[in-house]
Amino acid sequence: LEFIGIVSGLICVYTAAKNQIVTWPIGIINSICFLFLFYQVQLYSDMILQIYFFASSIYGWIFWQKRKGIEIPISHSSQKVFCFLIFLIFISSYLLGEFTLKLPIFFPGYFPLPPVFPYFDAFTTTASVVANFLLARRILQAWYLWVAVDIVCIVIYFMKGIDLIAIEYIVFLMIAIQGIRHWNAEFKLQHSV
């Protein structure tokens with residue numbers, strides 16, 4: 001499960017950075033694997049995130065298919081909108097962290113152990129939701145959010161002892177930096193014509 005999740009995750013992020021539609025069906029496989037894995041290691045926000053990734057992979061696949069040979073241009077969100085999204089991520093992280101802390105109280109049969117790193121885990125979840133939505137809409141700032149998510153995930157996963165996934169996120173970080181470069185270059189090329 002961990003191996004399939006890691007391989008599909010690497011392929012998914014690499015193909016997203018290269019702007020290829022195959023990223024979305026591979027993302028579906030990845031989200032199914034990690035749903036079960038994160039449940040096992042009590043990263044409940046990350047587990048919930050996989051449900052979102054599953055749905056957003058279907059959305060991204062449909063949205064990118066609509067182009068029918070016409071490439072949807074990469075766009076750039078305004079600074080005001082991006083600042084609002086950052087604010088929303090932090091508020092949502094707090095609320096989700098509070099919610100996951102209560103899961104063992106509300107559902108002790110399903111969540112017998114308390115969450116670990118509830119607020120940082122919630123941050124990576126909420127920021128990933130926003131980043132994935134921006135990625136599906138081909139908005140450049142998605143990659144900056146992915147860099148922040150990857151850095152926090154690397155620390156959490158090493159501390160939790162899931163080293164292979166932490167190493168995967170180091171690779172994700174490098175791919176996200178490449179995604180910034182690739183999409184910035186494409187964005188500039190679109191606007192120089």
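As shown above, the structure is provided for reference.
Not measured: the values here are computed from a predicted model.

### Some words on the environment of Ser77
So, point 1. The topology assignment puts Ser77 in the loop between α3 (44-65) and α4 (79-106).
So, point 2. Overall, the relative accessible area of 11% leaves Ser77 in the buried class.
So, point 3. Each C-alpha atom of the pair Ser77 and Thr100 lies 31 Å from the other, and the pair is 23 residues apart in sequence.
So, point 4. Not counting residues up to four positions away in its chain, the partners in contact with Ser77 are Phe82, Ile139 and Gln141.

### Observations regarding the side chain of Asn184
So, point 1. In this structure, Asn184 sits in helix α7 (residues 163-192).
So, point 2. Judged by its relative accessible area of 18%, Asn184 is buried.
So, point 3. A polar side-chain atom of Asn184 sits 3.2 Å from a polar atom in the side chain of Tyr144.
So, point 4. Leave out the neighbours within four places in its chain, and Asn184 touches Leu140, Tyr144 and Gly179.

### Notes on the packing of helix α1 (residues 2-17) against α7
So, point 1. Running from N to C, α1 and α7 cross one another at 10 degrees; their axes reach a closest spacing of 8 Å. Taken together, the axes of α1 and α7 lie roughly parallel to each other. Side by side, α1 and α7 meet where Glu2, Gly5, Ile6, Gly9, Leu10, Val13, Tyr14, Ala16 and Ala17 of the first sit next to Leu164, Ile165, Glu168, Val171, Phe172, Ile175, Gly179, His182 and Trp183 of the second.
So, point 2. Partitioning the contact of α1 with α7 into residue classes produces twelve nonpolar, four polar and two charged.

### Examining the packing of aromatic side chains
So, point 1. For the coordinates displayed, the defined rule picks out 14 aromatic pairs.
So, point 2. Seen in terms of ring centroids, Tyr39 and Phe111 are 6.0 Å apart; in terms of plane orientation they differ by 70 degrees. Their pairing is edge-to-face. Placement of Tyr39 in helix α2 (residues 23-40) and of Phe111 in the loop between α4 and α5 (118-136) is noted, with a sequence separation of 72 residues between them.
So, point 3. Residue class for Tyr39 comes out partly exposed when judged on its relative accessible area of 37%.
So, point 4. A ring pair is formed by Phe53 and Trp146, whose centres lie 6.2 Å apart and whose planes are at 45 degrees; its orientation type is tilted. A residue pair is termed long-range when its members are at least 10 positions apart, and Phe53 in helix α3 and Trp146 in helix α6 (residues 142-160) qualify at 93 residues.

### Things to note about the environment of Gln65
So, point 1. Within the fold, Gln65 resides in helix α3.
So, point 2. Here the alpha-carbon distance between Gln65 and Ile21, two residues 44 residues apart in the chain, equals 7.5 Å.

### Some thoughts on the packing of α3 against α4
So, point 1. The geometry of α3 relative to α4 is characterised by a closest axis approach of 9 Å and an angle of 110 degrees between their N-to-C directions. Taken together, the axes of α3 and α4 are roughly perpendicular relative to one another. Touching Tyr44, Ser45 and Ile48 of α3 are Leu96, Phe99, Thr100 and Leu103, all from α4.

### Some points on a nonpolar patch on the surface
So, point 1. On the surface, Phe84, Phe87, Leu88, Ile91, Tyr94, Leu95, Leu101 and Tyr119 cluster together to form a nonpolar patch covering roughly 780 Å² of accessible area.
So, point 2. Here the nonpolar patch takes seven residues from α4, the largest share from any one element.
So, point 3. With respect to the helices, strands and loops of the structure, Leu88 is situated in helix α4.

Cut-offs used in this document
Residues numbered from 1 in each chain as written. Predicted model: local features only at pLDDT ≥ 70, side-chain atom pairs only at ≥ 80, totals over all residues. Heavy atoms only, no water. Helix = DSSP H or I, 4+ residues; strand = E, 2+ residues; numbered from the N terminus. Buried < 20%, exposed > 50% of the residue type's maximum accessible area, 1.4 Å probe, protein only. Contact = heavy atoms within 4.5 Å. Polar contact = N/O pair within 3.5 Å; in protein donor to acceptor, adjacent residues only side chain to side chain. Axes fitted to C-alpha atoms, helices over the stretch in contact; angles between N-to-C directions. Parallel < 35°, antiparallel > 145°, perpendicular 65-115°, else oblique. Nonpolar A, V, L, I, M, F, W, Y, C, P; charged D, E, K, R; others polar. Phe/Tyr/Trp six-rings, centres within 6.5 Å; stacked < 30°, edge-to-face > 60°. Patch = residues over 30% accessible without salt bridge, like charges linked within 9 Å, V, L, I, M, F, W, Y side chains within 5 Å. Areas by Shrake-Rupley, 256 points an atom, 1.4 Å probe, with all protein chains shown as cover. Salt bridge = Lys/Arg side-chain N within 4 Å of Asp/Glu carboxyl O.

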